[in-house]
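Coordinate analysis (summary)
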Amino acid sequence: MTESREHVEPTSPPPHLVRMDALGRDAMLEYFARAESFRAGSGAGPKHSGRIVATLFYEPSTRTRLSFESAALRLGAQTLGFSDPAASSAAKGETLIDTIRTVERYADLIVLRHPAEGAARLAAQVASVPIVNAGDGGHEHPTQTLFDLYTIHRQRGSLDGLTLGLTGDLKYGRTVHSLALAAAAFGVTLIFIAPAPLQVPDHLRGRLEEMTVVRTAAALDEVIGELDALYVTRVQTERMDPAEAAALGPPRSLGPEDLRKAKDDLLVLHPLPRVTEIDPAVDEDPRAWYFEQLADGVVMRMAILDGLLSGAAPLPPGAGAKRPAPEDPPWRESPEAKGSSCANPKCVTHRERGVMMRTNARGGARWCAYCDWRVE
Ligand code: NCD
């Protein structure tokens, strides 16, 4: 189905927001500024009335879907979509590509959350409307990161010289992966606080070490006093097989006593939902910022939708005045990867019928272009 498939590459491809490393510092700072202007009330109003934003959520969500819908409505756009794939044609076996090629005819922009790693990049290769990655399995969650970083930037006035601790599930936590990449681009020192089975995957750690100072701590107590922000995450049991989850034992819970040695202006963040990893007693501490920051998510998502719907999203580095190229067309064949398959069983190339692996070269190695696993 390569030649015969009637797929027309858009002549002027839409920019997408599917991968964190496609945005450099300047584009992120521009997003912060745009979010700030929406917070101040300028640019709000029915600027995008008549436009339609689709939210296709193949995994559970409260905040991400509702904040995107809130952002769209605040911009005057309307929304449609599904939040339960069992009630969509996915339950009949429809591929993601076919669903995207349908919904692009109903909506001006698609916000996609999907369990397969690299799903949003695949969608961006076939879509004629902008795709926003609202989480692709355990891989990335760039819009959460934009507002996590915006919150830190806003509260601190700058990201220069900061130290960020990340704890919880650093292996499967997509918010952790995207936030670490984005913070590293600003030279933020990263401290990964987790036991070995929940540590950051090697392929990501290697990339981060090329960008900034990366440290590991076995216990929060060792480093709490150094941190400017502490990012706590939930153990992603839904991404583990039962034996892996059972071997972990009960997760550690952050309690008020853990913050005794922390800086007075520490920001405690959590992408939410919280399960047991933060004791509700911490909510009373003025440093607990995970509910406070939710409004930042709405204004950031307004900035994202506004930029993409206007065709004026902040550009990645090196793009000059040109819109970014489509995500590596042609979208199906990858001669150098022919016959090989991605080693990551959760990669979209294994979950979506007929999609072959494509690879990128970086640092003398080859990487799956969808899920970023190294090709041996
Ligand atoms: C996170 C996610 O979906 O990755 N939630 C969110 O989008 N705010 C974190 C999580 O589910 O643990």
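Residues numbered from 1 in each chain as written. Predicted model: local features only at pLDDT ≥ 70, side-chain atom pairs only at ≥ 80, totals over all residues. Heavy atoms only, no water.

Here we come to the layout of surface pockets. The rolling of a water-molecule-sized probe over the atoms marks out the regions of remaining empty space. Here the largest pocket is characterised by a volume of approximately 590 Å³. Taken together, 29 residues line the largest pocket, and the ones lying closest to its centre are Gly168, Leu198, Val235, Pro251 and Arg252. Breaking the lining of the largest pocket down by element, the ones donating at least two residues are β8 (229-232) and α8 (242-248). Taken together, the residues that form the lining of the largest pocket break down as 18 nonpolar, seven polar and four charged. (1 Å grid on protein atoms, 1.4 Å probe; cavity = no way out; pocket = protein on both sides within 12 Å on 5 of 7 lines; lining within 4 Å. Points joined across faces, edges and corners; volume = space filled by probe spheres on them. Helix = DSSP H or I, 4+ residues; strand = E, 2+ residues; numbered from the N terminus. Nonpolar A, V, L, I, M, F, W, Y, C, P; charged D, E, K, R; others polar.)

Attention shifts here to the pairing of strand β3 (residues 109-114). In terms of burial, β3 is a largely internal element, six of the six residues being buried. Of the two faces of β3, the one carrying Leu109, Val111 and Arg113 and the one carrying Ile110, Leu112 and His114 are both buried. Pairing of strand β1 (residues 52-57) with β3 involves five bridges; the strand directions are parallel. Bridge assignment links Phe57 to a residue of β3, and that residue is Arg113. Pairing of β3 with strand β4 (residues 131-136), which is carried by four bridges, proceeds in the parallel orientation. (Buried < 20%, exposed > 50% of the residue type's maximum accessible area, 1.4 Å probe, protein only. Pairing = 2+ DSSP bridges.)

Close to the ligand lie Thr64, Arg113, His141, Gln144, Arg174, Thr175, Arg234, Gln236, Pro271, Leu272 and Pro273. The separation between an oxygen atom of the ligand and a polar side-chain atom of Thr64 is 2.9 Å. For the ligand, a nitrogen atom lies 3.2 Å from a polar atom in the side chain of Gln144. Calculation on the ligand without its partners gives an accessible area of 320 Å², and the protein chains cover 94% of this total. Of the residues belonging to the shell around the ligand, the class tally is three nonpolar, five polar and three charged. (Near = heavy atom within 4 Å. Polar contact = N/O pair within 3.5 Å; in protein donor to acceptor, adjacent residues only side chain to side chain. Areas by Shrake-Rupley, 256 points an atom, 1.4 Å probe, with all protein chains shown as cover.)

Relative to the assigned elements, Thr55 resides in strand β1. At 2.9 Å, the side chain of Thr55 and the side chain of Glu69 are in polar contact. When neighbours within four sequence positions are excluded, Thr55 is seen to be in contact with Arg65, Glu69, Leu80, Gly81, Phe82 and Val111. (Contact = heavy atoms within 4.5 Å.)

Another point: the pairing of strand β5 (residues 163-167). For β5, a buried count of five out of five residues is recorded, marking the element as mostly surrounded by other parts of the structure. Neither face of β5 is open: one carries Thr163, Gly165 and Thr167, the other Leu164 and Leu166, and all of them are buried. As paired strands, β5 and strand β6 (residues 189-193) are joined by five bridges and run parallel to one another. Considered in β6, the bridge of Leu166 is made with Phe192. As for the winding sense of the linkage, the β-α-β connection from β5 through helix α6 (residues 174-185) to β6 is right-handed. (Right-handed = clockwise from strand over helix to strand, strands pointing away.)

Quick look at the nonpolar core now. Ranked by size, the top nonpolar core spans 64 residues in total, and within it Leu149, Leu164, Leu190, Met300 and Leu305 carry the most contacts. With nine residues, helix α9 (residues 294-310) is the largest single contributor of residues to this core. Residues in contact with Leu149, not counting those within four places in the same chain, are Met28, Phe32, Leu159, Leu179, Ala182, Ala183 and Phe186. In this structure, Leu56, Tyr58, Val348 and Met357 belong to the second largest nonpolar core, which totals 30 residues. (Core = buried A, V, L, I, M, F, W, Y, C linked by side-chain atoms within 4.5 Å.)

Shape descriptors only; they carry no functional weight alone.
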